[in-house]
Amino acid sequence: MKCPFCGRDNTRVIDSRPADENNSIRRRRMCDECGKRFTTYEKIETIPLIVIKKDNNRETYDRSKIEAGVLRACHKRPVSANQITRLVDEVETEVFNMEEKEIPSQVIGELVMDRLKDLDAVAYVRFASVYREFKDINTFMDELKKVISTKG
Ligand SMILES: [Zn+2]
């Protein structure tokens, strides 16, 4: 963090303690260039994001739900836990960057599918079949063929 006195980046935290009934952290920082001290407060940014489900019901955004869906799709597939975490991170960043208060669950689903497609075709089709609620095996096979043909 930049020093407010001399503008240089060479500052460090010399003390951290809870403040505001544990709702924030107060940090004393010192500038190694000019020796001055200053205080910063760190707070959790609470943007309550609402997900609009297919039935139009609303629920608060929950990362673990996306993760669970991806995990299920990647069951016994050559996709590592790190890859899954990265995928969910990317989706989450994109979702929050939209800066919307409400996001349809389909939008999140499409973001996941876009990435799964590049990661593992089978996982993608599994996820898509749950998400798009494929009614029968033919729709499922059509989707699978589409992925396989674009892969080649
Ligand atoms: Zn300074």
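Each value, and the rule that gives it
- Each residue is numbered by its place in its chain's sequence as written, counting from 1.
- For a predicted model such as this one, the threshold for reporting local features is a pLDDT of at least 70, and the threshold for listing and counting side-chain atom pairs is 80 or more; totals across whole chains, interfaces and linings nevertheless cover every residue.
- Water and hydrogen atoms play no part in the side-chain values, which are based on all heavy atoms of the structure.
- Two strands pair under a simple rule: DSSP has to find at least two bridges between them.
- Segments assigned H or I by DSSP are reported as helices when at least four residues long, segments assigned E as strands when at least two residues long, and all are numbered from the N terminus.
- Axis lines are fitted through C-alpha atoms, for helices just across the contact stretch, and the angle between N-to-C directions can take any value from 0 to 180 degrees.
- Counted as donors are the N, O and S atoms within 2.8 Å of the metal, or 3.2 Å for Na, K and Ca, while water is not among the atoms, so some sites may look incomplete.
- Four donors are marked tetrahedral only if all angles between them lie between 85 and 135 degrees, whereas four are marked square planar and six octahedral if opposite donors are more than 155 degrees apart and the other angles lie between 65 and 115; the remainder are marked irregular.
- For the exposure calls, accessible area comes from a 1.4 Å probe over protein chains only, and a residue counts as buried if that area is under 20% of its type's maximum, exposed if over 50%, partly exposed in between.
- By nonpolar core we mean a set of buried residues, namely Ala, Val, Leu, Ile, Met, Phe, Trp, Tyr and Cys, connected to one another through side-chain atoms within 4.5 Å.
- In this analysis, two residues are considered to be in contact whenever any of their non-hydrogen atoms come within 4.5 Å of each other.
- To sort the angles, those under 35 degrees are grouped as roughly parallel, those over 145 as roughly antiparallel, those from 65 to 115 as roughly perpendicular, and the leftovers as oblique.
- Should the near helix be turned anticlockwise from the far one by less than a right angle, the crossing is termed left-handed; should it be turned clockwise, right-handed.
- Residues were grouped as follows: Ala, Val, Leu, Ile, Met, Phe, Trp, Tyr, Cys and Pro as nonpolar; Asp, Glu, Lys and Arg as charged; and all remaining residues, including Gly, as polar.

A. Region of interest: the sheet that holds strand S6 (residues 102-104). As summarised here, the arrangement of the 3 strands in space is S5-S4-S6, forming an open sheet in which the pairing is mixed. A strand with exactly one partner marks an edge of an open sheet, and here the two such strands are strand S5 (58-60) and S6. Between one strand axis and the next, the sheet turns through 35° on average, direction left out of account. The pairing of strand S4 (residues 50-52) with S5 spans 3 bridges and is antiparallel. Pairing of isoleucine 52 across the sheet is with arginine 58, part of S5.

B. Region of the structure containing the coordination of the zinc ion. Looking at the zinc ion, one finds its protein donor set to be Cys3 (SG), Cys6 (SG), Cys31 (SG) and Cys34 (SG), positioned 2.2 to 2.3 Å from the metal centre. Here the zinc ion binds 4 donor atoms, and the angle range of 106 to 121° at the metal identifies the geometry as tetrahedral. Linear spacing of the donor residues for the zinc ion on their chain is C-x2-C-x24-C-x2-C. Overall, the relative accessible area of 3% leaves cysteine 3 in the buried class.

C. Geometry of the nonpolar core. Judged by nonpolar contacts, the single largest core of 25 residues is most densely connected at Ile66, Val70, Val91, Ile108, Val112 and Leu116. In this structure, valine 112 is in contact with Ile66, Val70, Leu87, Val91 and Phe127, ignoring residues within four places of it in sequence.

D. Highlighting the sheet that holds strand S3 (residues 37-43). Reading across from one edge, S1-S2-S3 is the order of the 3 strands in this open sheet, with antiparallel pairing throughout. The sheet terminates laterally at strand S1 (11-19) and S3, the two strands that pair on one side only. Strand after strand, the sheet turns through a mean of 25° between neighbouring axes, direction not considered. Across 8 bridges, S1 lies against strand S2 (residues 24-31) in antiparallel orientation. Within the sheet, the bridge partner assigned to arginine 17 lies in S2 and is arginine 26.

E. Just the packing of helix H1 (residues 63-73) against helix H4 (residues 121-131), in detail. Interaxial distance between H1 and H4 falls to 8 Å at its minimum, and their mutual angle equals 125°. When the axis of H1 is compared with that of H4, the two are oblique. When the axes of H1 and H4 are compared, the crossing they make is right-handed. Contacts between H1 and H4 involve Gly69, Val70, Arg72 and Ala73 from the first element and Ala123, Arg126 and Phe127 from the second. A breakdown of the residues in the contact of H1 with H4 according to their chemical character gives 4 nonpolar, 1 polar and 2 charged.

By themselves, these observations are geometric and do not establish any function.
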